[in-house]
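Geometric and topological summary
Okay, here's what each chain looks like letter by letter:
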Amino acid sequence: MMFTYFDHAATTPVHPEVVEAMLPHFTQSFGNASSTHSAGREARAVLNRSRDTIASFIGCAPSQIIFTSGGTESDNLALFGAAAARKSIGNHIITTQSEHHAVLHACEQLELQGYEVTYLPVDRTGRVNVRDVEEAIRPDTILISVMFANNEVGTLQPIREIGAIARAKGIPFHVDAVQALGTQPIDLSSLPVDLMSFSAHKINGPKGIGALYIAKHMKLQPLFYGGNQERKRRPGTENVAGIAGFAKAVQILREEMYEKQQNLEKLRIEMVTRLQALLGQEQAVVNGHPAERVPHILNISFPGVSTETMLMNLDLEGIAAASGSACTSGSLEVSHVLKAMRLEDEITRSAIRFSFGLGNTLEEIGAAARKIATIVDRVRNA
Ligand SMILES: Cc1ncc(COP(=O)(O)O)c(C=O)c1O
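Not measured: the values here are computed from a predicted model.

What counts and how
Residues numbered from 1 in each chain as written. Predicted model: local features only at pLDDT ≥ 70, side-chain atom pairs only at ≥ 80, totals over all residues. Heavy atoms only, no water. Pairing = 2+ DSSP bridges. Helix = DSSP H or I, 4+ residues; strand = E, 2+ residues; numbered from the N terminus. Axes fitted to C-alpha atoms, helices over the stretch in contact; angles between N-to-C directions. Contact = heavy atoms within 4.5 Å. Near = heavy atom within 4 Å. Polar contact = N/O pair within 3.5 Å; in protein donor to acceptor, adjacent residues only side chain to side chain. Areas by Shrake-Rupley, 256 points an atom, 1.4 Å probe, with all protein chains shown as cover. Nonpolar A, V, L, I, M, F, W, Y, C, P; charged D, E, K, R; others polar. Left-handed = near helix turned anticlockwise from the far one by under 90°. Phe/Tyr/Trp six-rings, centres within 6.5 Å; stacked < 30°, edge-to-face > 60°. Buried < 20%, exposed > 50% of the residue type's maximum accessible area, 1.4 Å probe, protein only. Domains from an automatic or database assignment. Buried area = accessible area lost by both parts, 1.4 Å probe. Salt bridge = Lys/Arg side-chain N within 4 Å of Asp/Glu carboxyl O.

**Some details on the sheet that holds strand β10 (residues 297-301)**
Spatially, three strands are ordered β9-β10-β12 in an open sheet, and the strand pairing comes out antiparallel. The sheet is open, and its two edges are formed by β9 (285-287) and β12 (351-355), each paired on a single side. Strand-to-strand, the axes of this sheet are offset by a mean angle of 35°, without reference to chain direction. Here β9 pairs with β10 via three bridges, running antiparallel. When the bridges of β10 are listed, valine 286 appears paired with isoleucine 300. The sheet strands contacting helix α8 (residues 240-279) are β9, β10 and β12, and the helix crosses β10 at an angle near 15°.

**Thoughts on the site of the ligand**
In the vicinity of the ligand there are 15 residues, among which Gly71, Thr72, Asp176, Ser199 and Lys202 approach most closely. Between the ligand and aspartate 176 there is a distance of 2.6 Å, counted from a nitrogen atom to a side-chain nitrogen or oxygen. Between the ligand and serine 199 there is a distance of 2.6 Å, counted from an oxygen atom to a side-chain nitrogen or oxygen. Expressed as a share of its isolated accessible area of 390 Å², the protein-covered part of the ligand is 92%. A total of three residues in the shell around the ligand trace back to one element, the largest contributor, which is helix α4 (residues 71-85). Each residue belonging to the shell around the ligand can be placed in one class, and the counts come to four nonpolar, eight polar and three charged.

**Description of the packing of helix α3 (residues 38-58) against α8**
Viewed as axis vectors pointing N to C, α3 and α8 meet at an angle of 35°, and their least axial separation amounts to 9 Å. Once α3 is placed against α8, the crossing between them reads as left-handed. Between α3 and α8, the contacting residues are Ala43, Val46, Leu47, Ser50, Thr53, Ile54, Ser56 and Phe57 on the first element and Val240, Ile243, Ala244, Phe246, Ala247, Val250, Gln251, Leu253, Arg254 and Met257 on the second. Grouping the amino acids of the contact of α3 with α8 by side-chain chemistry returns 13 nonpolar, four polar and one charged.

**Quick word on the packing of aromatic side chains**
If you walk through the whole model with that rule in mind, you get four aromatic pairs. Pairing phenylalanine 3 with tyrosine 5 gives two aromatic rings, centres 6.3 Å apart and planes at 45°, and the pair type is tilted. The interplanar angle of 85° and the centroid separation of 6.2 Å between the aromatic rings of phenylalanine 6 and phenylalanine 354 together place this pair among those described as edge-to-face. Residue phenylalanine 6 is located in the loop between β1 (4-5) and α1 (16-22), and its partner phenylalanine 354 is located in strand β12; the two are separated by 348 residues in the primary sequence. Among the residues examined, phenylalanine 354 registers a relative accessible area of 0% and is labelled buried.

**Things to note about the domain arrangement of the protein**
Split into domains, the protein comes out as domain 1 (4-12 + 257-381) and domain 2 (16-251). A straight line from the C-alpha centre of domain 1 to that of domain 2 covers 28 Å. At the junction of the two partners, domain 1 supplies 34 residues and domain 2 supplies 33 residues. Interface area for domain 1 against domain 2, summed over the two sides, is near 2,900 Å², with a carbon-plus-sulfur share of 51%. When the buried area of domain 1 at its contact with domain 2 is split by residue, Thr12, Met257 and His336 rank highest and sum to 20% of it. In this structure, glutamate 344 engages arginine 124 in a salt bridge whose closest nitrogen and oxygen atoms are separated by 3.2 Å. Counting across the domain 1 and domain 2 interface gives 20 residue pairs in polar contact (both at pLDDT 80 or more). Elements with a contribution of two residues or more to the side of domain 1 that touches domain 2: α8, β10 and α10 (336-340). Taken together, the residues that form the side of domain 1 that touches domain 2 break down as 16 nonpolar, 12 polar and six charged.

Here you go:
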């Protein structure tokens, strides 16, 4: 049976050129970047070059990037780090109900530590209202955190507008850009953002490596204590192979981003068109914003067929898809994002996320759409 992978929002295959770029750092060039001998200096040079590549792609200075273990750590460092550093100023944080758990659960923990958090609602398309953000700001607000692109429905948030408001009020603004990197141009030299989270494994890089952009003026308390690595903001021996892989993935993106974006858009539209032609528009309902969205994520409901039943049948047909948050794929809880969007019960209970990427083809989409339509008919007529 053919295996079809439509779960690129959960993780992506590592690009062969990324693997090639990483390999020497496990065997030949394996030095510790803090060592003063030649092997160490070699590792340090790889770190520097990698940081330069990533910084120039996102429009910031290399010194503004801290390498972390991934999106989760970047989000946690941003939230706990900024909250602790600004505690004397206030204790109020603003975020949205549709953030990734790396932000939501960190905020819940901050509440236990005495911070107050406002979780703003989103509309039926998953967008937060900029006016709601403005109205939630109080004299004691110390941080705003809103994601760039939602990992479940693909909706883009108005981060430029929110950032402008935050800047005007002098409040630091954190953006989780884990699902945006790779399809959305990011230029931090013009974006009013103070902290931005990234993860390599969503862009055909390796797992376990990510980055946090930290604006020059930003004060941040570290999560860990140890050596002097990453300007003391994230001590610990650097994951040189992972960082080299992350930089290679970014370098490939730089060359192919437009083409990639167009291709993903075609794949997503093909899936929707095929499914709606086979099942009818009311039987294949697309969730999320129709235009303000990333191209690789399609969240679609098949009323009458539960998410659980569909995922099980898709798996039997060799199709990997997801429900709920990327990081809890397979979880059967109703997604907090769809709940926040206040969609009808039959829509939230039958939602499936297909996410596309490297290696997917239009032919695969056609074959998968036929299988999905067959499953829907079979389950509905059972
Ligand atoms: C929006 C978003 N933020 C954060 C994360 C966590 O990233 P990582 O898996 O690198 O910890 C994910 C992963 O699914 C994500 O989609």
